[in-house]
Amino acid sequence: MPTTHHSSPGEAGAPSRALPWASLICWGIIVVGALLRINQWMLNRSLWLDESYLAVNILERGFGELHLPLEYSQSAPWLFLVATKGMVSLFGPGEQVLRFLPLVASFLSLWVFWRLARVCLVGWTVPVALAIFTFSSVHFYYAQELKQYSLEVLMTTVVVWLAALMFRTANAPKRYFTGWAVVAGIGIYAMHAMPFVIAGIGGVALWASWQGKFGISRLRIIVALGLCVLFFAANYFVIISPNYADPLMRGYWSFAYPGMPWTMAGLRRSASLING
């Protein structure tokens, strides 16, 4: 009995074949978004206070000192600091050089998000989603600021895109799984919150493998997650934890942290956050 093959959003090129104009619109959105970002970057506004503090750390330290606690109560992922230091070493100090990495990361995230949208959405919803992402005021602003947030958006989008491809090709996901594991491991040093992204995707992969719906063995998934845990442990104990010995860094966001759930004080703290 012949079978009918139904195209899914995850199949390469399926949305484009269905709506040939969608790709043209998406490219137009990406080009306009990139040009607007370049325009803001070319205005070359002065660094504001937090940017200046971070810039001093980058400019006055060598590559081998960027893992040490930053001065002026600053914190940024190690890979972001190293990459920005590399830009300064190549092209010299200056606002535009310091902000070049966030600009490029924002450019790349537009393209990656488009590819992610093609996997998860169909038809006219792809350019709509891309337009919302591209012209988001927050995303637009941090594309030209000496902060790691544009790089974090890029890393998250790449990891989720590879995961979406991996799950869409559940019968033969090995090539995407390897790429996902490599990018996720690197991402730990580029984004402090990457372990949460990895844990969510890794948990789904383990569950799908346990149910027999995923073509990667549980052992291989556990090994990949175990390596990510080791990377995170090295990043946390060598770089992150010493930086938070600063009382200002410890207390700055403490109002938003839930308490430990196994203590009464923690339960009360969590309840107060939930209740506003």
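Residues numbered from 1 in each chain as written. Predicted model: local features only at pLDDT ≥ 70, side-chain atom pairs only at ≥ 80, totals over all residues. Heavy atoms only, no water.

### Some thoughts on the overall build of the protein chain
Piece 1. Counting its regular elements, the protein chain contains 14 helices and 0 strands.
Piece 2. Of the regular secondary structure in the protein chain, the N- to C-terminal order runs α-α-α-α-α-α-α-α-α-α-α-α-α-α.
Piece 3. Relative to all contacts within the protein chain whose residues are 6 or more apart in sequence, the contacts with residues 24 or more apart total 67%.
Piece 4. Taken as a whole, the protein chain presents about 15,000 Å² of accessible surface, with 71% of it coming from carbon and sulfur. (Helix = DSSP H or I, 4+ residues; strand = E, 2+ residues; numbered from the N terminus. Contact = heavy atoms within 4.5 Å. Areas by Shrake-Rupley, 256 points an atom, 1.4 Å probe, with all protein chains shown as cover.)

### A short note on the pattern of salt bridges
Piece 1. One pass over the full model with this rule turns up 4 salt bridges.
Piece 2. The salt bridge partner of Glu51 is Arg45, with a shortest N-O separation of 3.4 Å.
Piece 3. Since its relative accessible area comes to 0%, Glu51 is described here as buried.
Piece 4. Among the residues examined, Arg45 registers a relative accessible area of 25% and is labelled partly exposed.
Piece 5. Three or more residues joined by partner-sharing salt bridges are found here, namely Arg45, Glu51, Arg99 and Glu145. (Salt bridge = Lys/Arg side-chain N within 4 Å of Asp/Glu carboxyl O. Buried < 20%, exposed > 50% of the residue type's maximum accessible area, 1.4 Å probe, protein only.)

As far as function goes, none of this settles anything; it's purely spatial.
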